[in-house]
Amino acid sequence: MDFALSDEQRLFAETVRRFALQRLKPDYATWDRGEPFPRERVAELAQLGITGLRVPAEYGGADAHYVMLGIAAEELARGDFNYSLFVQLYSIGSELIGQHAREAVKRVWLPRLADGSALAAFGLTEPAAGSDAANLTTTAVRDGDEYVISGEKASITFAGYADACAVFARTGGEGAHGVSTFLVPLDAPGVTRQVYRSPGERLTQRGSLYFDQVRVPADHLLGAEGKGFYQAMGAFDYNRAVIALACVGAAEQSLDETIAYVKERQSFGRPLAKHEAVSFQLAEHLTLVEAARLLAYECLWKRDQGEPHTKEAAMAKWLGPKVAVDAIHACIWLHGHYGYNMDLPFEQRLRDAIGLEIGDGTPEIMKGIIAREVIGRDYMPYR
Ligand SMILES: Cc1cc2nc3c(=O)[nH]c(=O)nc-3n(C[C@H](O)[C@H](O)[C@H](O)COP(=O)(O)OP(=O)(O)OC[C@H]3O[C@@H](n4cnc5c(N)ncnc54)[C@H](O)[C@@H]3O)c2cc1C
């Protein structure tokens with residue numbers, strides 16, 4: 001067993017952490033207040049190699065190991081939680097296009113993902129189909145050399161300014177087998193957008209994408225018809241660990257800041273940290289956050305080794321956000337009234353992390369997956 005990061009991974013982690021704390025953290029609250037987020041900022045992620053982590057090398061990316069995605073998400077979230085969503089969406093888009101697109105589509109989109117000049121969203125959820133995504137109703141109908149797509153995709157991260165979206169649509173048949181994936185350029189006629197009033201993750205402009213008879217060339221089908229649902233699940237299988245690490249990063253930063261505070265702040269003639277009730281709380285949260293971190297990295301490491309990791313991904317996905325939310329909540333009250341204040345980043349981190357308790361699958365759905373993997377498909381609660 002070897003728990004150490006390689007020299008390359010350690011250097012990458014140090015570089016990203018420095019960038020997150022020096023460049024991102026000072027503006028974390030700025031985008032939350034609704035100031036427009038300058039797209040040029042994404043170029044900075046590209047310079048660090050982050051947008052191209054999962055783009056194949058021949059299209060300008062790094063073809064990096066999955067563990068690198070986790071490192072990027074964990075370290076960026078220390079400065080600005082929202083940036084960990086860029087890690088997720090760039091890698092998912094790169095994978096779906098890199099593994100399933102026709103050559104002509106790869107040539108257009110992969111270099112643009114690698115250099116950060118374009119962003120692809122992930123369009124699975126619909127107003128009436130979230131946990132039960134296989135029941136989606138958006139349709140894609142073949143018409144000559146095109147498909148015509150109609151429907152609404154709901155709760156889509158970066159809906160406000162993505163340039164394309166991997167849209168999961170029904171091409172025929174019921175349930176998972178009837179779902180196919182299309183890369184839809186979002187400047188196509190018939191696409192409209194609506195950004196939600198989100199409690200957190202505001203930089204990501206989550207919202208709905210509406211497709212009204214949107215025509216895409218037939219070669220924008222990713223892979224074969226009927227494979228879309230499995231492609232989506234393949235993306236979830238590692239992204240859930242990346243989500244866990246983003247939440248862990250926000251919690252680690254909050255705990256670091258709180259440890260510094262309780263060493264300074266005095267009550268009853270001694271630093272807060274000398275009260276056992278304070279230091280033991282921190283000890284508990286540090287333990288749980290570290291456990292979630294190791295589980296998430298184990299999942300990504302297994303993916304890199306080509307080993308099964310669906311169970312670990314689902315475990316990390318419910319545990320990571322939960323322990324992070326609990327830890328950040330404790331950091332608020334360990335700061336007393338100063339913690340319950342928008343001048344400090346804790347309440348924003350809490351709002352941001354809560355979103356990813358839901359995104360990519362709720363704890364209930366994750367526990368169903370773990371039960372299926374361990375106890376068996378015949379005992380699944382929702383079958
Ligand atoms: C911040 C954020 C970002 C997101 N980004 C994206 C994105 O980029 N792309 C995308 O496609 N989607 C995205 N989503 C949508 C997300 O994946 C769905 O919200 C999620 O899968 C849950 O679906 P739902 O909202 O329809 O809830 P529902 O399915 O309606 O569930 C509601 C509640 O019922 C519970 N429940 C449902 N079924 C069962 C069951 N069988 N057993 C026990 N409990 C059950 C759920 O756990 C939940 O608590 C995002 C969501 C959030 C909050």
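Each value, and the rule that gives it
Residues numbered from 1 in each chain as written. Predicted model: local features only at pLDDT ≥ 70, side-chain atom pairs only at ≥ 80, totals over all residues. Heavy atoms only, no water. Helix = DSSP H or I, 4+ residues; strand = E, 2+ residues; numbered from the N terminus. Expected span 1.5 Å × (residues − 1). Buried < 20%, exposed > 50% of the residue type's maximum accessible area, 1.4 Å probe, protein only. Near = heavy atom within 4 Å. Polar contact = N/O pair within 3.5 Å; in protein donor to acceptor, adjacent residues only side chain to side chain. Areas by Shrake-Rupley, 256 points an atom, 1.4 Å probe, with all protein chains shown as cover. Nonpolar A, V, L, I, M, F, W, Y, C, P; charged D, E, K, R; others polar. Domains from an automatic or database assignment. Salt bridge = Lys/Arg side-chain N within 4 Å of Asp/Glu carboxyl O. Axes fitted to C-alpha atoms, helices over the stretch in contact; angles between N-to-C directions. Parallel < 35°, antiparallel > 145°, perpendicular 65-115°, else oblique. Contact = heavy atoms within 4.5 Å. Buried area = accessible area lost by both parts, 1.4 Å probe. Phe/Tyr/Trp six-rings, centres within 6.5 Å; stacked < 30°, edge-to-face > 60°.

(A) Broad picture of helix α5 (residues 83–100). With 18 residues, α5 extends 26 Å from end C-alpha to end C-alpha; this agrees with the ideal 26 Å at 1.5 Å per step. With 16 of 18 residues buried, α5 is to be regarded as a mostly interior element.

(B) Main features of the site of the ligand. Inspection of the region around the ligand gives 19 residues, with Phe 122, Thr 125, Ser 131, Thr 362 and Glu 364 positioned closest. One of the side-chain nitrogen or oxygen atoms of Ser 131 is found 2.6 Å away from an oxygen atom of the ligand. Between the ligand and Asp 360 there is a distance of 3.4 Å, counted from an oxygen atom to a backbone nitrogen or oxygen. Bound to the protein, the ligand loses 65% of the 970 Å² it would expose on its own. When residues of the shell around the ligand are traced back to their parent elements, those giving at least two are β3 (146–156), α10 (346–358) and α11 (363–374). By residue class, the composition of the shell around the ligand is 6 nonpolar, 9 polar and 4 charged. For the shell around the ligand, the two domains that each supply at least three residues are domain 2 (120–226) and domain 3 (229–379).

(C) Up close: the pattern of salt bridges. As enumerated under the stated definition, the model contains 28 salt bridges in all. Of the charged contacts in the structure, one is a salt bridge between Asp 256 and Arg 78, with a shortest N-O distance of 2.9 Å. Separated by 178 residues along the polypeptide, Asp 256 in helix α7 (residues 228–264) and Arg 78 in helix α4 (residues 66–79) bring together distant segments of the chain. The network of salt bridges with common partners includes Arg 17, Glu 74, Glu 75, Arg 78, Glu 252, Asp 256, Glu 290 and Arg 293.

(D) Inspection of the packing of α4 against α5 at higher detail. Direction vectors running N to C along α4 and α5 enclose 155°, while the axes themselves pass 7 Å from each other. In terms of their interaxial angle, α4 and α5 are classed as roughly antiparallel. Here α4 contributes Tyr 66, Leu 69, Ala 72, Ala 73, Leu 76 and Ala 77 to the contact with α5, which in turn contributes Tyr 83, Ser 84, Val 87, Ser 91, Glu 95 and Gln 99.

(E) A look at the packing of α4 against helix α8 (residues 276–305). Where α4 meets α8, the closest approach of the two axes is 7 Å, and the angle between their N-to-C directions is 150°. Here α4 lies roughly antiparallel to α8, going by the angle between them. In contact with Tyr 66, Val 67, Gly 70, Ile 71 and Glu 74 of α4, α8 contributes Arg 293, Tyr 297, Leu 300, Trp 301, Arg 303 and Asp 304.

(F) Main features of the side chain of Thr 258. Structurally, Thr 258 is set in helix α7. In this structure Thr 258 comes out as buried when scored by relative accessible area, which is 0%. Filtering out sequence-adjacent residues up to four positions away, Thr 258 remains in contact with Leu 282, Cys 331, Leu 334, His 335 and Phe 346.

(G) Structural view of the domain arrangement of the protein chain. Assigned domains of the protein chain: these are domain 1 (7–114), domain 2 (120–226) and domain 3 (229–379). With both chains or domains summed, domain 1 and domain 3 bury close to 2,400 Å², and 57% of this area falls on carbon and sulfur atoms. Here domain 1 is connected to domain 3 by 6 salt bridges. We note a salt bridge from Lys 25 to Glu 257, for which the minimum N-O separation is 3.3 Å. The interface formed by domain 1 and domain 3 includes 15 residue pairs in polar contact (both at pLDDT 80 or more). For the side of domain 1 that touches domain 3, the secondary structure elements donating two or more residues are α2 (28–32), α4 and α5.

(H) Representation of the environment of Asp 80. Note that Asp 80 resides in the loop between α4 and α5. In this structure Asp 80 comes out as buried when scored by relative accessible area, which is 0%. C-alpha of Asp 80 to C-alpha of Gly 336: the two residues are 256 residues apart in sequence and 23 Å apart in space. Ignoring any residue separated from it by four or fewer positions in sequence, one finds Asp 80 in contact with Leu 24, Tyr 28, Trp 31 and Leu 203. A distance of 2.8 Å separates polar atoms of two side chains, one belonging to Asp 80 and the other to Asn 82.

(I) Structural view of unusual backbone geometry. Despite not being glycine, Phe 158 has its phi angle at roughly 70°, a positive value. Relative to the helices and strands, Phe 158 is located in the loop between β3 and β4 (164–170). On the basis of relative accessibility, which here comes to 0%, the residue Phe 158 falls in the buried class. Even without glycine at this site, Asp 360 takes up a positive phi of about 70°. Among the secondary structure elements, Asp 360 is positioned in the loop between α10 and α11.

(J) Just the packing of aromatic side chains, in detail. Taken as a whole, this structure holds 13 aromatic pairs when the rule is applied. Relative to Phe 158, the ring of Phe 86 lies with its centre 4.6 Å away and its plane at 25°, an arrangement referred to as stacked. Of this pair, Phe 86 sits in helix α5 while Phe 158 sits in the loop between β3 and β4, placing them 72 residues apart in sequence. An aromatic cluster is built from Trp 31, Phe 37, Tyr 83, Phe 86, Tyr 90, Phe 158 and Tyr 161, whose rings are joined through pairwise contacts.

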